[in-house]
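Residue-level structural notes
Residues per chain, in single letters:
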Amino acid sequence: MQKQQIIITGANGQLGTELTSALRARYGTANVIATDIRHPAVETNFQLLDVMDRDAVRSLVTAEEATTIYHLAAFLSASGEQRPQQAWDLNMQGLLNVLEVARETGCRVFWPSSIAVFGAYAPKTNCPQNTVTQPSTVYGISKVAGENWCRYYHDVYGVDVRSIRYPGLISHTAMAGGGTTDYAVDIFHHAIRGEAYTCFLDADTILPMMYMPDAVAGTIRLMEAPSTAISIRTAYNFSAFSFSPKQLAATIQEHLPEFSWYSRPDFRQRIADSWPQQIDDRQARSDWGWKPRYQFEDMVGEMLSALGAHITT
Ligand code: SER
């Protein structure tokens, strides 16, 4: 395995927390520097870094002789709708700063895109890799623009930048925050505490989702694939399973029959309604061997056990 020196931005977030642990297990803690704008609860090989400060990004990359940046710092879909200008500034300028530093230093970049690139005109099922996007959120607009910037930096400057369109990610280590798919994490915490849950999406809203271990494994697999295998330099469709709040709650109730929940849709319903229900990720499967390990029911069982439920399986 080639020696890696990795910098992760937004390392305190839901994905950053898990990706940091997985990359450290693989490449060694000393070779994976976690960064964020706030200190984490427990600090290991951590540095404060604001991605809006290009000089600071460049200084860190140069000082650490970084080979790869995982640039995760961003606003998500729901928080982006509440602060559109700030979301655009952070999501775009942060990415351009990282891409520029990568161009100058020759390091590689991973950047997360999202199913939020798709809007009302994209097919709801089997949503293809290449189709009309026209997103309906600031977050989605920033992801479409970002994908095109990534491809531009690859094609014009030769930067090895790779990206995935994540579905909703479900995990038990760090909380989700600011997204439209967050209900699928929050609901477990309520169920475990024996509390009723009020879901902010309609009971029948089906969205693409993935269990975090698959998301992390797929991301590392993409980054370790030979450059010749990567035919998509915008971002790959990436999929595992899809479900609605009603289906998730019913499966939780199979383990925890007392669990009760309600649906009270808010502004996030409009966002969810604009996204596909299911994604065609054949390109990722054929280019670099993507295959999810977890089915929906496995994920529910594992989430409940990991959060401490005494469940019967
Ligand atoms: N999980 C993300 C969100 O809800 C989608 O990329 O914003």
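Residues numbered from 1 in each chain as written. Predicted model: local features only at pLDDT ≥ 70, side-chain atom pairs only at ≥ 80, totals over all residues. Heavy atoms only, no water.

**Observations regarding the overall build of the protein chain**
In plain terms, the rule: Secondary structure follows DSSP: runs of H or I at least 4 residues long count as helices, runs of E at least 2 residues long count as strands, and numbering of each begins at the N terminus. C-alpha atoms define the radius of gyration, and 2.2 Å times the number of residues to the power 0.38 defines the globule rule. Burial status follows relative accessibility: with a 1.4 Å probe on protein chains alone, a residue under 20% of its type maximum counts as buried, one over 50% as exposed, and anything between as partly exposed. Contacts are assigned to residue pairs that have any heavy atoms within 4.5 Å of one another.
Helix and strand counts for the protein chain come out as 11 helices and 12 strands. Computed over its C-alpha atoms, the radius of gyration of the protein chain comes to 19 Å, within 12% of the 20 Å expected for a compact globule of 313 residues. Projected onto its principal axes, the C-alpha positions of the protein chain cover 55 × 45 × 40 Å. By residue count, 56% of the 313 residues in the protein chain fall in the buried class. Within the protein chain, contacts between residues separated by at least 24 positions form 78% of all contacts whose residues are at least 6 apart in sequence.

**Quick word on the sheet that holds strand S11 (residues 241-243)**
To be explicit about the condition: Should DSSP find at least two bridges between two strands, the strands are regarded as paired. Axes here refer to lines fitted to C-alpha atoms; in helices the fit is confined to the stretch in contact. Angles between the N-to-C directions go from 0 to 180 degrees.
Pairing in this open sheet of 3 strands is mixed, and the strands run S7-S9-S11 from one edge to the other. The open sheet is flanked by strand S7 (168-170) and S11, the only strands paired with a single partner. Going from strand to strand, the sheet's axes swing by 45° on average, the running direction of each strand aside. In the sheet, S7 pairs with strand S9 (residues 207-211) via 3 bridges, with the strands oriented parallel. Residue pairing for S9: Ile170 is matched across the bridge by Tyr211. Lying on the sheet, helix H6 (residues 183-193) is in contact with S7, S9 and S11; it crosses S7 at an angle near 25°. Sitting on the sheet, helix H7 (residues 212-224) is in contact with S7 and S9, with an inclination near 80° to S9.

**Concerning the site of the ligand**
Stated precisely, the cut-off is as follows: Here a residue counts as near a molecule or strand whenever at least one of its heavy atoms sits within 4 Å of it. Two N or O atoms form a polar contact when they lie within 3.5 Å of each other; inside protein one atom must be a possible hydrogen donor and the other a possible acceptor, and for residues adjacent in sequence the pair counts only when both atoms belong to side chains. The Shrake-Rupley method, run with a 1.4 Å probe, gives the accessible areas here. Residue values count only the displayed protein chains as cover. Method remark: on a 1 Å grid restricted to protein atoms, a set of points is classed as a cavity if a 1.4 Å probe fits but cannot get out and as a pocket if it is open with protein on both sides within 12 Å along at least five of seven lines; lining residues have an atom within 4 Å of a point. Criterion for pocket placement: a molecule counts as inside a cavity or pocket if more than half of its atoms are within 2 Å of its grid points. In this count, Pro and Cys sit with the nonpolar residues alongside Ala, Val, Leu, Ile, Met, Phe, Trp and Tyr, while Asp, Glu, Lys and Arg are called charged and the others, Gly among them, polar.
Every residue near the ligand is listed here: Leu76, Ser77, Ser114, Tyr139, Gly168, Gly179, Thr180, Thr181 and Trp275. Contact between the ligand and Ser114: an oxygen atom at 2.6 Å from a side-chain N or O atom of the residue. Taking Tyr139, its side chain carries an N or O atom lying 3.0 Å from an oxygen atom of the ligand. Considering the ligand on its own, with 240 Å² of exposed area, one finds that the protein chains cover 93% of that surface. With respect to the pocket detection grid, the ligand is positioned in the largest pocket. Here the shell around the ligand is composed, by residue class, of 3 nonpolar, 6 polar and no charged.

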